[in-house]
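# Observations on the model geometry
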Amino acid sequence: GAVVSQHPSWVICKSGTSVKIECRSLDFQATTMFWYRQFPKQSLMLMATSNEGSKATYEQGVEKDKFLINHASLTLSTLTVTSAHPEDSSFYICSAVERGVSYEQYFGPGTRLTVT
Amino acid sequence: GENVEQHPSTLSVQEGDSAVIKCTYSDSASNYFPWYKQELGKRPQLIIDIRSNVGEKKDQRIAVTLNKTAKHFSLHITETQPEDSAVYFCAATPYGQNFVFGPGTRLSVLP
């Protein structure tokens, strides 16, 4: 159980375009989802916390108008990178938590974004 | 906010030896401390976790100890095997919110 999928697994886009990444909890209701960014050989950096039915909470330094997060249902959260630039190229990973069950977060497989 | 430090950044051990990775945290409100193993290009995998009401937890070759007073926790891997080679991250969170990760430790187990 506790499977999280993420789509796409990789994407290449041109500078100035937008990219949408989907994160789904397949067999549980994710009341909270987290979005992380990981640059090569670095740690995971929390970008934002997404609670179903409410606005996402962004970490300091993360532009909410650039990284649009929508958590429309208990099984789906999306991250849209708007007007992407080469410096946005990174590994984006989502995770989901089933509130009231445990603190454990279940990670998606990640999306590698390359902006040319 | 929370700050998590992790040492060492790299660690090489001979197969069969033990490996210890240490983390410190700053926020006394943190009460959940997971450890993750991440292989290149893959998602982090939870290997063990501990809550603040417990001082030690063990799962086969892996153990975690927590010292709340000193605000540090450690991962212990015994009888290391080549497949243990990966990057390990500690993390701290208050009640499953705002996970903060350590910078990671690259463990190499030499055959």
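Just above sits the structure.
Here goes a summary of the coordinates provided. Predicted, not measured: the structure shown is a model, and the values here were computed from it.

### Focus on the side chain of His71 of chain A
All names here are of chain A. Mapped onto the secondary structure, His71 falls in strand β7 (residues 67-73). His71 sits in the buried class, given a relative accessible area of 5%. Separated by 2.7 Å, the side chains of His71 and Ser50 make a polar contact. A distance of 3.4 Å separates the side chain of His71 from the backbone nitrogen of Glu52, its partner in a polar contact. Not counting chain neighbours up to four residues away, the residues in contact with His71 comprise Ala30, Thr31, Thr32, Met33, Ser50, Asn51, Glu52, Gly53, Leu76 and Ser77.

### Details of the interface of chain A and chain B
Taken together, the contact between chain A and chain B spans 22 residues of the former and 20 residues of the latter. Summed over both partners, the interface of chain A with chain B buries about 1,700 Å², with 53% contributed by carbon and sulfur atoms. Summed over the three residues of chain A that lose the most area to chain B, namely Ser43, Tyr103 and Phe107 of chain A, the buried surface amounts to 36% of that side. Our enumeration of links across chain A and chain B arrives at 0 salt bridges. In this assembly, chain A and chain B are joined by 6 residue pairs in polar contact (both at pLDDT 80 or more). At the level of secondary structure, the elements contributing two or more residues to the side of chain A that touches chain B comprise β4 (32-38), β5 (45-51), β9 (90-97) and β10 (105-107) of chain A. At 3 residues, the largest contribution of residues to the side of chain A that touches chain B is made by β4 of chain A. In terms of residue class, the side of chain A that touches chain B is made up of 10 nonpolar, 7 polar and 5 charged.

### With respect to the sheet that holds strand β1 (residues 4-7) of chain B
Residue and element names in this part refer to chain B. Within the open sheet, the 5 strands sit side by side as β1-β3-β8-β7-β6. Their pairing is antiparallel. The open sheet has two edge strands, β1 and β6 (56-59), and neither has a second partner. Ignoring which end each strand starts from, the neighbouring axes of this sheet average 15 degrees apart. Direction of pairing for β1 relative to strand β3 (residues 19-25): antiparallel, over a ladder of 4 bridges. When the bridges of β3 are listed, His7 appears paired with Lys22.

### With respect to the environment of Val115 of chain A
Residue and element names in this part refer to chain A. Mapped onto the elements, Val115 comes out in strand β11 (residues 111-115). Take Val115: its relative accessible area is 6%, and that puts it in the buried class. Once you skip the residues sitting within four places of it in the chain, Val115 turns out to touch Cys13, Lys14, Ser15, Ala84, His85, Pro86, Asp88 and Ser89.

### Observations concerning the sheet that holds strand β3 (residues 19-25) of chain A
Residue and element names in this part refer to chain A. Read across the open sheet, the 4 strands follow the order β1-β3-β8-β7; overall the sheet is antiparallel. A strand with exactly one partner marks an edge of an open sheet, and here the two such strands are β1 (4-7) and β7. Direction aside, the axes of adjacent strands within the sheet are offset by 15 degrees on average. Pairing analysis gives 6 bridges linking β3 to strand β8 (residues 76-81), with the strands arranged antiparallel. Looking at the pairing, Lys20 lines up with Thr80 of β8.

Conventions we followed
- Residues numbered from 1 in each chain as written.
- Chains lettered and ligands numbered in written order.
- Predicted model: local features only at pLDDT ≥ 70, side-chain atom pairs only at ≥ 80, totals over all residues.
- Heavy atoms only, no water.
- Helix = DSSP H or I, 4+ residues; strand = E, 2+ residues; numbered from the N terminus.
- Buried < 20%, exposed > 50% of the residue type's maximum accessible area, 1.4 Å probe, protein only.
- Polar contact = N/O pair within 3.5 Å; in protein donor to acceptor, adjacent residues only side chain to side chain.
- Contact = heavy atoms within 4.5 Å.
- Buried area = accessible area lost by both parts, 1.4 Å probe.
- Salt bridge = Lys/Arg side-chain N within 4 Å of Asp/Glu carboxyl O.
- Nonpolar A, V, L, I, M, F, W, Y, C, P; charged D, E, K, R; others polar.
- Pairing = 2+ DSSP bridges.
- Axes fitted to C-alpha atoms, helices over the stretch in contact; angles between N-to-C directions.

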